[in-house]
Each structure stands twice: as structure tokens, then as C-alpha cells.
Amino acid sequence: EAQRFRSHLLDLLSPKHLSKASRTHLCVLADLFDTIDLDTANYLRSNADQLLFKDEEMVWSENKVVKFEKEDYTDPTNSGELFDICLNRLLDIKEDIETSDYSIKELYQHLREEDDIKRKTIKEKYFQKYMLMEMRRLSNKLYSAVREPEVANNKKPDLQIWKQNWCVNIECKIADNWQFRDLQKAIDEQLIGKYLKYSKYQYGILLLARIGRKKWGKKDFQAILDDLQKYADNIKNIKYKHIKNIRVIGIDYKDNT
């Protein structure tokens, strides 16, 4: 009877009986079972992961399905489409880091506690490698993501996304380590001045991570991102007319709890 009750209970905790709102509770329950019954814990986590997609499958319109298939399964036909795919992947990574129950935020907070906040190399190297790994994981064979050895000598951007002869250059920075003017220079002197000055490069991204810093003068992280985007929009039109778009994206690792 106890076994029958257990089986019935586990069935009630399956995705077919639960809503997406139950996912957090399943994760908590799985944590409780870690030291009691690992198989049950894994079963509950698997159910929690399935709930991520339950509601979306029910409400997706035909247009949304077509858009998803075009973005995720169709090869880009020009550099602009490659740029759009890169943006979508980076925004997916951003959402996962900032909102996921399994975010790596805590790892970065630990590095911040152990390391001097003023050092400008160690965290950026790890940040670059993690973003490269994630961009490759999400590529779905639509592009190639590379981090060249020349990065160490500042001869190439931190990441490059390639498809045929099209390329999107990505400069990665830990925003905590830099003043606003330094971040402007990352756009003007590095992303544009060194990499996008060639006519074959038309798209670039400045990818910033905030680990724990609260303010840059009187501005918070979002204000910094907004100002940098305005700066990028202005400077690209002044210096190089062939550049079609530069985007500034910020990923917030700060623990706000």
C-alpha cells in the first residue's frame, strides 16, 4: 500500500497534472530528496524542466511558430540575419543567467569575493570563455563561434561569430572594472577603431557583465547601458558609414536578494 501511494503521489507530481507556476516548488522538493532518494530527486527535476515548455506549447500562434523555426533552423542568408541570430542567442543567455533557478551568478559572486575588484584580466577571460561555450552550445549549426589566440595581444575581438564570409564581432567586458569613459573607448577605439573599420565587418556587439558594482558616478548599470547604446549609434555614423549596427548588451550577475 505504501508503494502504491508513493507511485500515485509521483504521478500527481508529473507535468500533466501541474502548471508552470509549480516549477519552483518541484525544484525545492527535489532538493529535499537529494539525500533521501536521488532517483526521485532527478525525476522531480526532470518534471520541473518539462514545465518550462508546457504553457508556451499551448499558446503559441502560427506566426510565432514560423518565426521560431526561421530563427532557429534556417541558415542566415546575409550578415544582418546572422547579427539577429547572435542577438537572440545572447539575449537567451542573458535571461538564463539573470532568471534561471540554475544560474551561475553565485560562482561569479565567489570570484568577486576572492579577487581584487580592480583587476581587469582574470574575470574577463573566464567571461569570454563562458560566452564562447554558450554561443557554441546554442549555435544549432547555424554559425561558428571562435575566440582567437590573438585576443591576448589585443589584435582581434574577444569573440567572432562566422557564417560563410559574414562575421559579427563581439567585445566582452566586465563593467565593474571600468569607468564609463573606458567603456566608451571600448566602442570607439576597440570595437570600431580596430575591428569594424574594415568594410567587410558591418556588425558589432559590446557585451558587458555587471558582477556587483552598484554605480558609475550617479548612474546605475541600466543607465550606463542606455548611454553607451546612444554613444555607439552616434559614433558609428560619424566614423564609418559602412557599419550597419552596433548593439550594447548587459548581463547582470549581481545578486539582488
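Preceding this section is the structure that the text describes.
Below: a short report on this structure.

Thresholds, definitions, all that
- Residues numbered from 1 in each chain as written.
- Predicted model: local features only at pLDDT ≥ 70, side-chain atom pairs only at ≥ 80, totals over all residues.
- Heavy atoms only, no water.
- Helix = DSSP H or I, 4+ residues; strand = E, 2+ residues; numbered from the N terminus.
- Buried < 20%, exposed > 50% of the residue type's maximum accessible area, 1.4 Å probe, protein only.
- Contact = heavy atoms within 4.5 Å.
- Areas by Shrake-Rupley, 256 points an atom, 1.4 Å probe, with all protein chains shown as cover.
- Expected span 1.5 Å × (residues − 1).
- Bend = angle between axes of the 7 residues up to and from the residue.
- Salt bridge = Lys/Arg side-chain N within 4 Å of Asp/Glu carboxyl O.
- Pairing = 2+ DSSP bridges.
- Axes fitted to C-alpha atoms, helices over the stretch in contact; angles between N-to-C directions.
- Phe/Tyr/Trp six-rings, centres within 6.5 Å; stacked < 30°, edge-to-face > 60°.
- Lys NZ or Arg CZ within 6 Å of the ring centre and 35° of its normal.
- Polar contact = N/O pair within 3.5 Å; in protein donor to acceptor, adjacent residues only side chain to side chain.
- Core = buried A, V, L, I, M, F, W, Y, C linked by side-chain atoms within 4.5 Å.

## Let's talk about the overall build of the protein
Of the regular secondary structure elements, the protein holds nine helices and five strands. N-terminal to C-terminal, the α/β element order of the protein is α-α-α-α-α-α-α-β-β-β-α-β-α-β. Taken over 257 residues, the protein has a buried fraction of 42%. Restricting to contacts in the protein with at least 6 residues of sequence separation, those with at least 24 account for 67%. For the protein, the accessible surface area stands at approximately 14,900 Å², while carbon and sulfur atoms represent 52% of it.

## Description of helix α8 (residues 180–195)
Relative to the 22 Å expected for 16 residues at 1.5 Å per residue, α8 spans 21 Å between its end C-alpha atoms, a close match to the ideal helical length. By the largest-angle criterion, A186 marks the main kink of α8, which is about 30°.

## Some details on the pattern of salt bridges
Overall, the coordinates contain nine salt bridges when judged by the stated rule. Here D75 and K163 are joined by a salt bridge, their closest N and O atoms 3.5 Å apart. Taken together, the positions of D75 in the loop between α4 (62–73) and α5 (79–99) and K163 in strand β2 (residues 159–163) put the pair 88 residues apart, joining distant regions of the chain. Judged by relative accessible area, K163 falls into the buried class, the value being 15%. A network of salt bridges, in which partner residues are shared, links D31, D34 and R45.

## Observations regarding the sheet that holds strand β4 (residues 203–210)
The strand order across the open sheet formed by five strands is β1-β2-β3-β4-β5, and the pairing between neighbours is mixed. For this open sheet the edge positions go to β1 (144–146) and β5 (245–252), each flanked by a neighbour on one side alone. For this sheet, the mean angle separating the axes of adjacent strands, direction not counted, is 20°. By the bridge criterion, seven bridges tie strand β3 (residues 166–174) to β4 in an arrangement that is parallel. Along β4, the bridge assignment pairs I174 with A209. Here α5 sits on the sheet in contact with β2, β3, β4 and β5, set at roughly 10° to β5. Where α8 meets the sheet, it contacts β3, β4 and β5, and its direction lies at approximately 150° from that of β3.

## Considerations on the packing of aromatic side chains
Across all of its chains, the model carries five aromatic pairs by this definition. With a centroid separation of 6.3 Å and an interplanar angle of 70°, the aromatic rings of W162 and Y201 are classed as edge-to-face. Note that W162 is positioned in strand β2 and Y201 in the loop between α8 and β4, a separation of 39 residues in sequence. Owing to a relative accessible area of 23%, W162 belongs among the partly exposed residues under this scheme. According to the relative accessible area criterion, Y201 is buried, its value standing at 11%. Taken together, the aromatic side chains of W162, Y198 and Y201 make up a single cluster linked through ring pairs. The ring of F180 carries the charged tip of K219 above its face, separated from the ring centre by 5.0 Å.

## Quick notes on the side chain of R89
With respect to the secondary-structure elements, R89 resides in helix α5. On the basis of relative accessible area, R89 is assigned to the buried category, the value being 3%. Only 2.7 Å separates the side chain of R89 from the backbone oxygen of L138, close enough to count as a polar contact.

## Examining the nonpolar core
A general tendency of soluble globular proteins is for nonpolar side chains to be buried together. L90, M131, I161, V168, I170, I205 and L207 are the most contacted members of the largest nonpolar core, which totals 30 residues. Taken together, the elements giving at least two residues each to this core come down to α5, α7 (122–137), β2, β3, β4 and β5. Considering each element in turn, this core owes the most residues, eight residues, to α5. Those residues in contact with V168 that sit more than four places away from it in its chain are L82, F83, C86, L159, Q160, I161, Y203 and I205. In this structure, C167, W178, L208 and I224 belong to the second largest nonpolar core, which totals 24 residues.

## Some points on the pairing of β2
Of all five residues that make up β2, four are buried, and the element is covered over most of its length. Pairing of β1 with β2 involves three bridges; the strand directions are antiparallel. Looking at the pairing, V146 lines up with Q160 of β2. Of the pairings in the sheet, the one linking β2 to β3 comprises five bridges and is antiparallel in character.

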